[in-house]
Amino acid sequence: IEIAPNSTNIDEIPEDDLISVYPNPAESYIYVTLNSREENPVNYSLLNSSGQIIKKGNLEKGESKIFFPEGFSGTSFLHIYKNSRKLTEKIVVVK
């Protein structure tokens, strides 16, 4: 077996396929910016610290605004699903 230096088996996310989530910490909502040429839908699930889904939906290309349920505070996890990949962002919600 020959191993090339500086090689990995991990697929890198293309530069034109960037996802950003802000602000963090958040108060009542977050923005998710999706820069992608992909035509397949991008879905999300927002979970509380116990792993319960508190919101889910689809993301549009460009900027999407996701509101937290009224009165929610604490740690949440945003799972973004695109093709066979999943991105997880930890988000702190403060009131």
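Note that this is a predicted model, so its numbers are computed, not measured.

Engineer: Hey, could you run me through the sheet that holds strand β4 (residues 53-59) in this one?
Structural biologist: Strand pairing in a sheet is mediated by backbone hydrogen bonds. Such pairs are either parallel or antiparallel. What the four strands build is an open sheet, ordered β4-β3-β6-β7; its pairing is antiparallel. The open sheet has two edge strands, β4 and β7 (85-93), and neither has a second partner. Between one strand axis and the next, the sheet turns through 20 degrees on average, direction left out of account. Both strand β3 (residues 42-48) and strand β6 (residues 74-82) contribute to a ladder of seven bridges, which runs antiparallel. Among the inter-strand pairings, L47 is bridged to a residue of β6, identified as F77.

Engineer: When you look at the nonpolar core in this model, what are you seeing that I'm missing?
Structural biologist: For soluble globular proteins, nonpolar side chains are generally found buried alongside one another. Within the largest apolar cluster, 16 residues are counted, with the highest numbers of intra-cluster contacts made by I30, V32, I66, F68, L78, I80 and I91. Where this core is concerned, the elements lending two or more residues are β2 (29-35), β3, β6 and β7. The residues touching I30, leaving out its near neighbours within four places in the chain, are V21, Y22, P23, S64, K65, I66, F68, L78 and I91.

What counts, and at which threshold
Residues numbered from 1 in each chain as written. Predicted model: local features only at pLDDT ≥ 70, side-chain atom pairs only at ≥ 80, totals over all residues. Heavy atoms only, no water. Pairing = 2+ DSSP bridges. Helix = DSSP H or I, 4+ residues; strand = E, 2+ residues; numbered from the N terminus. Axes fitted to C-alpha atoms, helices over the stretch in contact; angles between N-to-C directions. Core = buried A, V, L, I, M, F, W, Y, C linked by side-chain atoms within 4.5 Å. Buried < 20%, exposed > 50% of the residue type's maximum accessible area, 1.4 Å probe, protein only. Contact = heavy atoms within 4.5 Å.

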